[in-house]
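Fold and geometry: a report
Here is how the chains run, residue by residue.
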Amino acid sequence: AQRAFLRSFAQRPRPTHFLALRLRGPLLWQRVAQIQQAVARSAAHLLHDANAEIEDLHAKLKHCAYPPAKLHFSLTVLDLAGADRRKMALQSLSDWFRDL
């Protein structure tokens, strides 16, 4: 039963697009960058061993952070494979924004 479930799950269409609201604001981005720096520094201390310098670990970890200017709330993911599905989604979104 578990294998059948996993097979059916693996055969499902994968999302091709996502719908998101972008989070804008230099102050927000600055605060997020400060939090990311603090987390990277803390993680570097936790992962420190005799073979690595804390600053080297910190430098590597801070590059794993998501750029604050790209912050967003993902609202949903969609399977829009094919022009007809994309056209329908675009029309639905246009209608929704027009009716706001």
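Residues numbered from 1 in each chain as written. Predicted model: local features only at pLDDT ≥ 70, side-chain atom pairs only at ≥ 80, totals over all residues. Heavy atoms only, no water.

Quick look at the pattern of salt bridges now. All chains considered together, the criterion is met by 3 salt bridges. We note a salt bridge from Asp 95 to Arg 98, for which the minimum N-O separation is 3.1 Å. In this pair, Asp 95 and Arg 98 both sit in helix H4 (residues 83–98), 3 residues apart, roughly one turn of the helix. Relative accessible area serves as the criterion here: at 25%, Asp 95 is assigned to the partly exposed category. Relative accessible area serves as the criterion here: at 57%, Arg 98 is assigned to the exposed category. Across the pair Arg 98 and Asp 99 runs a salt bridge, and its minimum N-O distance is 3.8 Å. The same class applies to Arg 98 and to Asp 99, which are both exposed. Within this structure, Asp 95, Arg 98 and Asp 99 form a network of salt bridges that share partners. (Salt bridge = Lys/Arg side-chain N within 4 Å of Asp/Glu carboxyl O. Helix = DSSP H or I, 4+ residues; strand = E, 2+ residues; numbered from the N terminus. Buried < 20%, exposed > 50% of the residue type's maximum accessible area, 1.4 Å probe, protein only.)

Applying the stated criterion across every chain yields a total of 1 aromatic pair. Ring centres of Trp 96 and Phe 97 lie 4.8 Å apart, and the angle between their planes is 85°; this geometry places the pair in the edge-to-face category. For Phe 97, a relative accessible area of 51% puts it in the exposed group. (Phe/Tyr/Trp six-rings, centres within 6.5 Å; stacked < 30°, edge-to-face > 60°.)

Take a nonpolar patch on the surface next. A contiguous nonpolar surface patch, about 480 Å² in accessible area, is contributed by Leu 93, Trp 96, Phe 97 and Leu 100. One can find Phe 97 in helix H4. (Patch = residues over 30% accessible without salt bridge, like charges linked within 9 Å, V, L, I, M, F, W, Y side chains within 5 Å. Areas by Shrake-Rupley, 256 points an atom, 1.4 Å probe, with all protein chains shown as cover.)

What follows covers helix H2 (residues 26–47). Here H2 contains 22 residues, and its C-alpha end-to-end distance of 31 Å stays within 8% of the 32 Å for a straight helix at 1.5 Å per residue. Along H2, the residues classified as buried are Val 32, Ala 40 and Ala 44. Buried residues in H2, looked at end-on, bunch into an arc of 110°, giving them a common side. Facing away from the buried side of H2 by more than 90 degrees, the exposed set consists of Leu 27, Ile 35, Val 39 and Leu 46. (Expected span 1.5 Å × (residues − 1). Arc of directions from axis to C-beta.)

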